[in-house]
Amino acid sequence: MTRRLILFAAVVSLLIFAAFQAFLFKSSGSFFTPKTEMPVAREAPPAPVVFGIATDSLEIVEGVVESGETISTLLGDYNIGLTQVHDLSQKANDVFSLRKMRAKRPYTLLCARDGARTARYFIYEPNETQYVIYDLRDSLAVTLCQREVDIVERELVGEIHGSLYKSILDAGGSAGLVDQLADIYAWRLDLNHVQPGDTFKLIFESKQIEGKTIADGKLKGAYILHQGKPLYAIALDQGKGVSYFDQEGKSFKKAFLKEPVEFSRISSRYTKRRFHPVQRRYKPHLGTDFAARRGTPIRTVGDGVVVEATRTRGNGNYVKIRHDKTYTTQYLHMSKFAKGIRRGVRVTMGQTIGYVGSTGLSTGPHLCYRFWKNGRQVDALKVKLPLAEPVREEFQDVFLARKDSIIGRMEAMDVNQAKTEMLAAQDAEPENSI
């Protein structure tokens, strides 16, 4: 009896197991055999389009022109002979000469996917906004292409820590923005004396290609809080180019530039008694000498009319400009005059009128800059100069609307938030591994 019960139980168990296995097989395949997926055909990703050229059958080679490299050496390894290079050079002369290629500029070479790897296209990028396509196929063609540049308005805010230059760069700005600020605030604020804790806010144009910034453009508005005092600079064009005005509509500029030569140093100041290095005697030096490299551009410090552009034994090549009934300036020892500079020509502030040299009684390249007020020579670095014209009456409404817009936007810029975001970005940067 017991043996029958045991046998009966075993049979029942087998039947239950068989039924359960059948259920699993019906719903998900064999219980013991792992499911095998059928292979799925996947399409290969499309070949990239490079400079408007489909590269389905082409190999892409990218590089940078090295010092001493020419088009012949670059294409020599890609089955392009000197005869073909010569023919290409002739075609390129009217578009973009191959002799204009410079080191450290990028290029892209598209060649055939065969044993010879014959070059089909050579693309050279002379700058960020242009590229030249040299078509090396049978027809040989050269095309100069212009990338589309987008002008995007950007904002920048930060706190001074160290120098203004470093602070603006750390906040995501550029050296060009610092130069613009220095030029705008030159007569109002010594940017070398800004202090930790001072803040800045900028609204400016950014030139971008495919979302990448290639250059920062003109400032539309600026703000510097120095020693608790806010000083806004608002851009406005009154018909003679963009100028900057404070929140009261007063010009940031004097009627004259501070210096006639950029990137120079003062080598000799205005004095009533100086030992002349050529004449070897003491005499008045009624000008300011700016030492600079030969060929450095010399700019007129204000609008005016050229009254003299000539040469004398002592002054060498020089230009004299009458600005109005009160002020006259003179620029001595030029290597040469700028194109078109002659007596009677009207010039505008900042215009190049000549180039630094060492003509006349001079021991080295420099500019001697002289300044007259009411017919008397004075020290150009100490004379009290008038401000440029303020916002004119007919532009008051435009200025007030622009001022309200810029100040409103800047008040919404949070310096503390910008500082927090900058610190977070620094923390997120990976440490250099050894």
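**Some thoughts on the sheet that holds strand β12 (residues 242-245)**
Ordered by their spatial adjacency, five strands build an open sheet running β8-β9-β10-β11-β12, and the pairing between neighbours is antiparallel. Every other strand in the sheet has two partners, leaving β8 (150-159) and β12 as the edge strands with one partner each. Averaged over neighbouring strand pairs, the angle between their axes works out to 30° when direction is ignored. Here helix α5 (residues 175-185) sits on the sheet in contact with β8, β9 (199-209), β10 (212-226), β11 (229-237) and β12, set at roughly 40° to β10. The strands touched by helix α6 (residues 396-411) are β8, β9, β10, β11 and β12; relative to β11, the strand with the most contacts, the crossing angle is about 135°.

**Looking at the confidence of the model for the protein chain**
Here the protein chain averages 84 in pLDDT, while 83% of its residues score no lower than 70. Taken together, the stretch residues 29-36 has pLDDT below 50 and engages in five contacts with residues farther than four places along the chain or on a different chain.

**As for the pattern of salt bridges**
Tallied over the full model, the rule gives 14 salt bridges. Of the charged contacts in the structure, one is a salt bridge between E153 and R409, with a shortest N-O distance of 2.5 Å. Remark: R409 occurs in helix α6 and E153 occurs in strand β8; sequence separation between them is 256 residues. A relative accessible area of 35% means that E153 is categorised as partly exposed. Assessed through its relative accessible area of 29%, R409 is described here as partly exposed. Residue D170 pairs with K166 through a salt bridge whose shortest N-O separation is 2.8 Å. Of this pair, D170 and K166 both sit in helix α4 (residues 164-170), four residues apart, which is roughly one turn of that helix. The exposure class of K166 is partly exposed, given its relative accessible area of 43%. One connected set of salt bridges, linked through shared partners, spans E153, E155, K220 and R409.

**Things to note about the nonpolar core**
Among the nonpolar cores identified, the biggest contains 26 residues, and I298, Y331, I353, Y369 and F371 are the most heavily contacted of them. Elements with a contribution of two residues or more to this core: β19 (316-322), β20 (327-337), β22 (352-356) and β23 (366-373). Membership of the second largest hydrophobic core comes to 24 residues, among which are L75, A92, F96 and Y124.

**Thoughts on the pairing of β23**
Burial runs high along β23: six of the eight residues are buried. Here six bridges tie β20 to β23, and the two strands are oriented antiparallel to one another. In the strand pairing of β23, L332 is matched with C368. With three bridges joining them, β23 and strand β24 (residues 376-378) adopt antiparallel strand pairing. Looking at β24, one finds that F371 is bridged to V378. Joining the antiparallel neighbours β23 and β24 is a turn of two residues, in which N374 adopts a positive phi near 55°.

Thresholds, definitions, all that
- Residues numbered from 1 in each chain as written.
- Predicted model: local features only at pLDDT ≥ 70, side-chain atom pairs only at ≥ 80, totals over all residues.
- Heavy atoms only, no water.
- Pairing = 2+ DSSP bridges.
- Helix = DSSP H or I, 4+ residues; strand = E, 2+ residues; numbered from the N terminus.
- Axes fitted to C-alpha atoms, helices over the stretch in contact; angles between N-to-C directions.
- Contact = heavy atoms within 4.5 Å.
- pLDDT = per-residue confidence, 0-100.
- Salt bridge = Lys/Arg side-chain N within 4 Å of Asp/Glu carboxyl O.
- Buried < 20%, exposed > 50% of the residue type's maximum accessible area, 1.4 Å probe, protein only.
- Core = buried A, V, L, I, M, F, W, Y, C linked by side-chain atoms within 4.5 Å.

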